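# Chain and residue survey
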Number of protein chains: 2
Amino acid sequence: MDARTSDIDILVSEVGPRDGLQSIGSIMPTEAKKAWIAAEAAAGVREIEVGSFVPARLLPQLADTAEIVAYARTIPGLTVAVLVPNARGAEAAIASGADKITLPLSVSETHSLANLRRTHEQVIAEAGAIGRMIAAQPPGLRPHFEGSLSTVFGCTLEGPISDAQVGRLAAALMNAGCDEVGLSDTTGYADPASVRRLIALVRNVVGRGALTGIHLHNTRGLGLANALAALDCGLTTLDASLGGIGGCPFAPGASGNIVTEDLVFMLEAMGLRTGIDIDRLLAVRELVAQALPQEEMFGFLPDAKLPLGFRSAPALEYI
Amino acid sequence: MDARTSDIDILVSEVGPRDGLQSIGSIMPTEAKKAWIAAEAAAGVREIEVGSFVPARLLPQLADTAEIVAYARTIPGLTVAVLVPNARGAEAAIASGADKITLPLSVSETHSLANLRRTHEQVIAEAGAIGRMIAAQPPGLRPHFEGSLSTVFGCTLEGPISDAQVGRLAAALMNAGCDEVGLSDTTGYADPASVRRLIALVRNVVGRGALTGIHLHNTRGLGLANALAALDCGLTTLDASLGGIGGCPFAPGASGNIVTEDLVFMLEAMGLRTGIDIDRLLAVRELVAQALPQEEMFGFLPDAKLPLGFRSAPALEYI
């Protein structure tokens, strides 16, 4: 959170254009992505993960990431975030002018090898190379660098991961030059108690200021309960995907991101300012649904509608 | 919570046979209800709301409540709960030998008039009559008497309800002879902040010991987050419906109870003992699905399955 977010309490970071789209079959045209990003920013969303710098042959859906970043940078007040799998991707991300770069590190080494074909040591080496690349940029042009501890709540291949391993890798990412680390419930294994426990554990290693965000899935229905647990611990950035795109929570292995609409409703109902206009956000959902006619969209609020008499934060007290 | 629940942390009260069934079209045969109740009790569920003493012409689905209560009473260790709309229903409930009687009082008078055709004053008078009836029973045979503050998080007809009105009605129910009051999010309007706020408000009126339970819906996807908020406040009884039966959360006005399977998973994952065996609970879901082939069932855990390496409470620490 910085000057751009000083009038809000919680930063909702939209990951649909990256995490959502990378999990679906339909290819969204570049112009449709731009319209989505512009509309969601206009609804008040301050940070959007717009793509991933991976080889186009691996993820053709995201082959236009450089063009999308260039477009998104023209939107005032928007933090343009991208994912990178390695230093090569980070080089492209820096060249594109992205504001924020996230490098995932799977704390399960089995998952890291299966997913990225890299050991922990190799990923940390990439993080170090990225850290040096960023440090070599002129001060005003250095993107924010986050190391994301993925599978941190458990792995579908390994099960639970030891606290010692999580702590060691969090420290290694910071030493490699990350500005902060994030927690990612890649597998939908988190529960409110483990969210609290791991936030405390990682804070002990990296300090309170270097852990502000969490990426949660709703695979087992606990997404918003886990978000509440994270809020209670003082985290201020929550990832979510519009319409839960890209994740049928019933399909193991699918993304199953928490739904932006439901999350924003919960936050605003609680009196926490997101800066987001819920009605306009629901209109963006319609826009995206039209652009992705084959894809299912999730969430409860869009069908249930806002409660009668609902007011966004700052909450007015009842009579 | 009493001697029957001293080895658990949280009492999950199954309301499917009442709140679930009353909202669906299919009539479940009496023998199927008995099989459901027996199987769920065998899975470790300690309290089940088995029916409602309403005129059979209004709710034919629950016309066999007396027979169901008589059967359920034969199950060792099970608290047999019923709903009653008035003193006449309570008379039948007492005669049946139910362990717990719940009288709903809609804190929205508009809703009370539309739903029960009674003013607040009339419902409080019924509560008084029930209180006197129970007091006239021999000490060992007095059912526990709960007054449930329904629509307490807001009403689809009135919107928000004033704090003063909620407090006044909570006090009136206790004065009428209730052993405790409960909060009920009839409309799915609750959020974690309002859950915390109303628990504090009602506790200020009735005392901590006279508010232990909450009935939450998942209409807007916040059901488990709201449950977490209630747990954090120290509530120990949470209502839920197996498979979320009776409530498509997408159909406004439908029940949309939180799903027992997902709730028990969350609690056990958090290290809170429910006494319930999740695998056996999932088997009961199959039994009920076979008995209600026309009805949709909800929940995430049944499809996503338990995390690899999952252990029920008491949680074993990771290495």
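Residues numbered from 1 in each chain as written. Chains lettered and ligands numbered in written order. Predicted model: local features only at pLDDT ≥ 70, side-chain atom pairs only at ≥ 80, totals over all residues.

## Notes on helix α4 (residues 87-96) of chain B
All names here are of chain B. Listed in full, the buried residues belonging to α4 are G89, A90, A93, I94 and S96. Each buried residue of α4 lies within a common arc of 160° when the element is viewed along its axis, so the set occupies one face. Check the buried side of α4 and you find it contacts α3 (65-72), β3 (79-83), β4 (100-106) and α6 (120-135). Residue G97 follows α4 closely and has a positive phi angle near 90°. (Buried ≥ 20, exposed ≤ 12 C-beta atoms within 10 Å, placed from the backbone. Helix = DSSP H or I, 4+ residues; strand = E, 2+ residues; numbered from the N terminus. Arc of directions from axis to C-beta. Contact = placed C-beta atoms within 7 Å.)

## Things to note about the confidence of the model for chain A
In the predicted model, chain A carries a mean pLDDT of 93, and 94% of its residues have values of at least 70. Interface confidence for the predicted complex, given as ipTM, is 0.94, next to a pTM of 0.95. (pLDDT = per-residue confidence, 0-100.)

## With respect to the relation of the copies chain B and chain A
For the pair chain B and chain A, the relating rotation is 180°, the translation along its axis is 0.0 Å, and the fit reaches an RMSD of 0.0 Å. Both chain copies can therefore be described as sitting about a two-fold axis. For chain B, the smallest separation between a C-alpha atom and the rotation axis is recorded for A225(B), amounting to 1.9 Å. A share of 100% of interface residues in chain B that are also interface residues in chain A marks the association as one of identical surfaces. (Least-squares fit on C-alpha atoms with pLDDT ≥ 70 in both.)

## Comments concerning the interface of chain B and chain A
Across the boundary between the two partners, chain B contributes 38 residues, which contact 38 residues of chain A. Counting residues per element, the ones that place at least two in the side of chain B that touches chain A are α8 (192-206), α9 (223-232), α10 (260-269) and α12 (301-304) of chain B. Its residues assigned to classes, the side of chain B that touches chain A comprises 23 nonpolar, 10 polar and five charged. (Nonpolar A, V, L, I, M, F, W, Y, C, P; charged D, E, K, R; others polar.)

## Topic: the nonpolar core
Formed by 188 residues in total, the largest nonpolar core has its most connected members in V82(A), L224(A), L263(A), V82(B), L224(B) and L263(B). The contacts of V82(B), once residues within four sequence positions are left out, are E49(B), V50(B), G51(B), S52(B), F53(B), T65(B), V69(B), A93(B), A98(B) and I101(B). (Core = buried A, V, L, I, M, F, W, Y, C linked by C-beta atoms within 7 Å.)

## Focus on the packing of helix α2 (residues 30-42) of chain B against α3(B)
All names here are of chain B. The N-to-C vectors of α2 and α3 enclose an angle of 35°; their axes lie 10 Å apart at closest approach. Note on packing geometry: the crossing formed by α2 with α3 is right-handed. Here α2 contributes T30, K33, K34 and I37 to the contact with α3, which in turn contributes E67, I68, Y71 and A72. Class assignment of the residues belonging to the contact of α2 with α3 gives a composition of four nonpolar, one polar and three charged. (Axes fitted to C-alpha atoms, helices over the stretch in contact; angles between N-to-C directions. Left-handed = near helix turned anticlockwise from the far one by under 90°.)

## Remarks on unusual backbone geometry
Apart from glycine, the bulk of residues carry a negative phi angle, and the bulk of peptide bonds sit in the trans form. Residues and elements named next belong to chain B. In this model, T151 sits at a positive phi of 50°, which is unusual for a non-glycine residue. Secondary-structure assignment places T151 in the loop between β5 (144-150) and α7 (163-175). On the neighbour-count criterion, T151 (26 C-beta atoms within 10 Å) is buried. Even without glycine at this site, K305 takes up a positive phi of about 70°. Position of K305 relative to the elements: it lies in the segment after α12.

## Digging into α8(B)
Under the 1.5 Å per step criterion, the end-to-end length of α8(B) is 21 Å for 15 residues, consistent within 8% with the ideal 21 Å. The complete set of buried residues in α8(B) reads P192(B), S194(B), V195(B), R197(B), L198(B), I199(B) and V202(B). Buried residues in α8(B) make contact with α9 (223-232) of chain A together with α7, β6 (180-184) and α9 of chain B. Just past α8(B), the residue G207(B) takes up positive phi, approximately 90°. (Expected span 1.5 Å × (residues − 1).)

## Here's the deal with the sheet that holds strand β2 (residues 47-52) of chain A
Residue and element names in this part refer to chain A. Spatial strand order, β1-β2-β3-β4-β5-β6-β7-β8: eight strands in a closed barrel with parallel pairing. Neighbour-to-neighbour, the strand axes of the sheet open up by a mean angle of 30°, direction not taken into account. Sitting on the sheet, helix α7 (residues 163-175) is in contact with β4 (100-106), β5 (144-150) and β6 (180-184), with an inclination near 165° to β5. In this fold helix α10 (residues 260-269) packs onto β1 (11-14) and β8 (237-240), with an angle of close to 175° to the strand it touches most, β1. (Pairing = 2+ DSSP bridges.)

## Focus on the packing of α10(B) against helix α11 (residues 278-291) of chain B
All names here are of chain B. Running from N to C, α10 and α11 point in directions that differ by 175°, and their axes come no closer than 10 Å. Classified by the angle their axes make, α10 and α11 are roughly antiparallel. Between α10, through T260, E261, V264, F265 and E268, and α11, the contact on the second element is made entirely by I278, L281, L282 and R285. Residue composition of the contact of α10 with α11, by class: five nonpolar, one polar and three charged. (Parallel < 35°, antiparallel > 145°, perpendicular 65-115°, else oblique.)

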